[in-house]
Amino acid sequence: MIVMKEGNKRIPKWGRKVFAVAGGLTDYRKRFPEYKLEELVMTAFRQMLEKNDLKIDPLEVKGLVNYAVYAEFADHFQDQLLCEAKVHDYLGLDPLYNIGVKTGGATGGSAVLTGAMAVASGYADVVLVAGWERMDEVDTRTGNTYISFAACKDYETRLARMYSAYYAPMAKRFMETYKLSEETRAKVAVKNHLYACSSPYSQQPGKYTVEDILNSRMSAWPLRFLECCAMSVGAACILLCDEKTAYKLTDRPCELFIAGGSHTLRVADRRHQEIPLLPHETPETYKELIKPGSRYPGFESFLASRMAAWFCYRMAGIENPLEDLDLVELHDAFTISDIQTYGDIGLRPYGQEPDYIESGDAYYINPNTEKPGKCPSNLSGGLIGTMHAVGATGIFQGVECLWQVQQKYDRFHGDPKIWEFWGKKKPEDWESLQIPDRNGCQAAWVSHAGVGSHVTMGILRKAW
Amino acid sequence: MGNRKDEAQFIGQPAKVIQTEPAMVVEWPRTFLHRHTYGKLTPFFKGLQEGRLLATRCTNSKCSENRLWLPARADCPDCHQPMDWEEISHPVIGTIYTYTKVAYGGMGLEISEPYWQIDVELPGVCTIFKGWLRYGEPKIGMKVKAEFQKVPTNTILNIYWVPYEE
């Protein structure tokens, strides 16, 4: 569809309010033979029920669940069809109904959206949303070929069998069109690997320099290995509920808004179109941007991310994301896709995305001013630093947002017992990345698939 | 009471144990054959075997777009009507829109690494066609010419591009 008609532009609206109250994660590792998949989900499920200050007994919380939504990217990886049934039984939730959701890299976000719809519609009062991925049954090159089956198998898969090679042409195009330097791209990797150092769940923490990133092994030019997300094994859970149950379960519920957009599987098929404007943009914003021969979204931007933000900001009453949001967790599968997203979700106008990094706004502490960054991004360590167990990812991001807004970052990242549980030692120089509290504190996360085929944006807002 | 001479036998191979600590891990090798149809895209892939590049065009007079598509698709997404096949005339000359050098491809990759993967704009085509550059060094805006494998691969890899100078 090129021209959206009025009916297509209807803003999503819940039938009743939806809240998130608790979350649970696991460690994320390249290989994880210690646990079977369902055992990992159980571990995240227990953290969610037992460690989130819920005001009633964990088994009584379970006694309120009506429905479960499960997120898994690819049956190829699990080598087990109907994993959902196996997990659901393992968690002891039969005979309640459960449903599996699959939208590539955006699977976790789509599962949260599906769970929220069940609460909003009245189908359920309490919904478990859980996701996982086991990517260690095959070696890395085979794993990359499995993932490349999410490209078009007729026209694209055989041309690389590797997702970085579908993002790298976007990086080249973006660098040329919007004057993005290799150094700015590398700074995203430096930042996210660094923030992963504060997380007991992270797979790829590291204190790297820009030079380290640019000297690392090439995957598909210009993208280096240290600019790419990890293949992970792990799970994540989040508990959604209606307003009444939310306040019964916790003193710190967060109101949830979430919406999505989609666009072609093949980047190739994206025809030029007008830029849909976010609430803080006007036609003047882009008067100079589109020149003869250039295209929107072209290879520079993601229409699906723009539409997810377009719907979600209006649904949640966000007027200016940089001013209104206290944190964003973005789908940094690659440094370039992270940067592309800054424009899509309006942290900067299209064409000025690199400035979100260079200004220091994206940092916990702005390196230019030594003061808190205006709207920090990926304090979780993101996909580059912490994890991309694909089905779990969009839930992991939501949980990190939830704990940040609930002022529980330190509890879930700084407790030495959590580090020890996962066989790690809390670093001597561990630093808190807790965002400041304020009335109406809110965090957004973007869950993203393919080369932008499915994207959801979720917002969690302090509601106490 | 059963008769043991008719008993069922284990006829597989023992699974290879590759580690026992901290948990037991076994290998489970297998090979599967898939039969993949090109469906209504068959003229496109037959064209590649014959050294011809075919696109599809919507010719429905009621369609607001009437675009030319490559990658070809059989049905128009704007008006939902079947489209017509249209050959891109020889020599097929395109312009590089963007590119990458693939240094680390996935398992089973059929092109020798490293190689240039290029995205090509073609006159009149509403989409951008992904392919590979056989030799030379790409630049955005550079002209390239389509060539075809002499021994057909029967896949998208049958078409490749080479630098073109007028």
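As the structure is a computational prediction, the values presented were derived from the model and not from experiment.

Novice: Would you explain the overall build of chain B in this entry?
Specialist: The secondary structure content of chain B amounts to one helix and ten strands. Tracing chain B from N to C terminus, the helices and strands come up as β-β-α-β-β-β-β-β-β-β-β. In terms of C-alpha radius of gyration, chain B reaches 24 Å, well past the compact-globule figure of 15 Å for 166 residues. Seen through its principal axes, chain B has C-alpha atoms that stretch 80 × 40 × 35 Å. Residue burial in chain B is summarised as follows: out of 166 residues, 42% are buried. At a minimum sequence separation of 6, the contacts of chain B that also span at least 24 residues come to 49%. Carbon and sulfur atoms make up 52% of the accessible area of chain B, which amounts to about 10,100 Å² in all. The positive charge centre, built from 19 side chains, and the negative charge centre, built from 19, are 3 Å apart in chain B.

Novice: What am I meant to see in unusual backbone geometry here?
Specialist: Among all residues save glycine, negative phi is the norm, and among peptide bonds the norm is trans. Residue and element names in this part refer to chain A. Of note, the amide linkage connecting Asp94 to Pro95 takes the cis form, showing an omega dihedral of 10°. If you trace the backbone, Pro95 turns up in the loop between helix H4 (83-90) and strand S3 (97-101). In the Ramachandran plot, Asp53 falls in the positive-phi region, its phi being about 60° despite a non-glycine side chain. Judged by its relative accessible area of 40%, Asp53 is partly exposed. Residues other than glycine seldom take positive phi values, yet Gln407 does so here, at roughly 60°.

Novice: Explain the sheet that holds strand S4 (residues 126-134) of chain A to me, please; I cannot follow it from the model alone.
Specialist: Backbone-to-backbone hydrogen bonds pair the strands of a sheet. The strands run either parallel or antiparallel. All names here are of chain A. Overall, mixed pairing links the nine strands, which are arranged S3-S2-S4-S7-S1-S8-S11-S10-S9 in an open sheet. Two strands in the sheet have a free side with no partner beyond their single neighbour: S3 and strand S9 (327-329). Going from strand to strand, the sheet's axes swing by 25° on average, the running direction of each strand aside. As paired strands, S9 and strand S10 (residues 442-448) are joined by three bridges and run parallel to one another. Bridge pairing in S10 links Glu329 to Trp445. Each of strand S2 (67-72), S3 and S4 is contacted by H4, which is oriented at about 130° to S2, the strand it contacts most.

Novice: I would appreciate a short explanation of the packing of aromatic side chains in the present structure.
Specialist: We describe a pair of aromatic rings using the distance from one ring centre to the other and the angle between the two ring planes. Summed over the entire model, instances satisfying the criterion amount to 32 aromatic pairs over all chains. Between Trp403 of chain A and Phe412 of chain A, the ring centres sit 3.8 Å apart and the planes meet at 10°, which makes this aromatic pair stacked. With centroids separated by 6.4 Å and ring planes inclined at 75°, the aromatic side chains of Phe44 of chain B and Phe129 of chain B adopt a geometry described as edge-to-face. Here Phe44 of chain B, found in helix H1 (residues 42-49), pairs with Phe129 of chain B, found in strand S8 (residues 128-133); they are 85 residues apart in sequence, far enough to count as distant. As far as burial versus exposure is concerned, Phe44 of chain B and Phe129 of chain B are alike and both buried. Taken together, the ring pairs connect Tyr155 of chain A together with Tyr38, Phe44, Phe45 and Phe129 of chain B into an aromatic cluster. Above the plane of the ring of Tyr97 of chain B lies Arg173 of chain A, whose end atom (NZ or CZ) is 3.8 Å from the centre. Lying over the aromatic face of Trp430 of chain A, Lys426 of chain A brings its terminal NZ or CZ to 4.5 Å of the ring centre.

Novice: How should I be thinking about the environment of Glu121 of chain B in this particular structure?
Specialist: For Glu121 of chain B, the location among the structural elements is in strand S7 (residues 115-121). You can call Glu121 of chain B partly exposed: its relative accessible area is 26%. Each residue touching Glu121 of chain B, except ones within four places of it in the same chain, is listed here: Arg295 of chain A together with Gly94, Thr95, Tyr97 and Ile128 of chain B.

Novice: What is the right way to look at the side chain of Thr100 of chain B in this model?
Specialist: With respect to the helices and strands, the residue Thr100 of chain B is situated in strand S6 (residues 93-102). For Thr100 of chain B, a relative accessible area of 0% translates into the label buried. Polar contacts involving the side chain of Thr100 of chain B include one to the main-chain carbonyl oxygen of Trp221 of chain A, which spans 2.4 Å. Those residues within four positions of Thr100 of chain B in sequence are excluded, and the remaining contacts are Ala165, Ala168, Pro169, Ala220 and Trp221 of chain A together with Tyr115, Trp116 and Gln117 of chain B.

Novice: For this particular structure, what's the right way to read the sheet that holds strand S5 (residues 84-87) of chain B?
Specialist: Residues and elements named next belong to chain B. An order of S4-S3-S5 is seen for the three strands of this open sheet, with the pairing classed as antiparallel. Of all strands in the sheet, those bounded by a partner on one side alone are strand S4 (68-69) and S5. Across four bridges, strand S3 (residues 54-57) lies against S5 in antiparallel orientation. Residue pairing in the sheet places Ala55 in a bridge with Glu86 of S5.

Novice: How do you make sense of H4 of chain A when you look at a structure like this?
Specialist: Every α-helix winds through 3.6 residues per turn, so residues three or four apart in the chain are directed the same way. Residue and element names in this part refer to chain A. Among all positions in H4, only Cys83, Glu84, Val87 and His88 are buried. In an axial view of H4, the angular spread of the buried residues amounts to 130°, which keeps them on one side of the axis. Contacts made by the buried residues of H4 are with helix H1 (37-50), S2, helix H3 (75-78), S3 and S4. Gly92 occupies a position one or two residues after H4 and carries a positive phi of about 75°.

Novice: Quick question: what am I supposed to make of a nonpolar patch on the surface here?
Specialist: All names here are of chain B. The grouping of Val17, Met24 and Val26 at the surface amounts to a nonpolar patch, some 280 Å² of accessible area in total. Tracing the backbone through its elements, the reader meets Val26 in strand S2 (residues 25-26). The class for Val26 is partly exposed, based on a relative accessible area of 41%.

Novice: What exactly am I supposed to notice about the packing of helix H8 (residues 182-196) of chain A against helix H13 (residues 335-344) of chain A here?
Specialist: Axes are the key here: two packed helices are described by the angle between their axes and the distance separating the axes. Residue and element names in this part refer to chain A. Here H8 crosses H13 at 100°, and the two axes come no closer than 9 Å. As judged from the angle between their axes, H8 and H13 are roughly perpendicular. Here H8 contributes Thr184, Arg185, Val188 and Ala189 to the contact with H13, which in turn contributes Thr335, Ile336, Asp338, Ile339 and Tyr342. Among the residues forming the contact of H8 with H13, the class breakdown is five nonpolar, two polar and two charged.

Calculation notes
Residues numbered from 1 in each chain as written. Chains lettered and ligands numbered in written order. Predicted model: local features only at pLDDT ≥ 70, side-chain atom pairs only at ≥ 80, totals over all residues. Heavy atoms only, no water. Helix = DSSP H or I, 4+ residues; strand = E, 2+ residues; numbered from the N terminus. Rg over C-alpha atoms; globule rule 2.2 N^0.38 Å. Buried < 20%, exposed > 50% of the residue type's maximum accessible area, 1.4 Å probe, protein only. Contact = heavy atoms within 4.5 Å. Areas by Shrake-Rupley, 256 points an atom, 1.4 Å probe, with all protein chains shown as cover. Lys, Arg positive; Asp, Glu negative; His and termini not counted. Charge placed at Lys NZ, Arg CZ, Asp CG, Glu CD. Pairing = 2+ DSSP bridges. Axes fitted to C-alpha atoms, helices over the stretch in contact; angles between N-to-C directions. Phe/Tyr/Trp six-rings, centres within 6.5 Å; stacked < 30°, edge-to-face > 60°. Lys NZ or Arg CZ within 6 Å of the ring centre and 35° of its normal. Polar contact = N/O pair within 3.5 Å; in protein donor to acceptor, adjacent residues only side chain to side chain. Arc of directions from axis to C-beta. Patch = residues over 30% accessible without salt bridge, like charges linked within 9 Å, V, L, I, M, F, W, Y side chains within 5 Å. Salt bridge = Lys/Arg side-chain N within 4 Å of Asp/Glu carboxyl O. Parallel < 35°, antiparallel > 145°, perpendicular 65-115°, else oblique. Nonpolar A, V, L, I, M, F, W, Y, C, P; charged D, E, K, R; others polar.

Remember, this is a structural readout, not a statement about activity or role.
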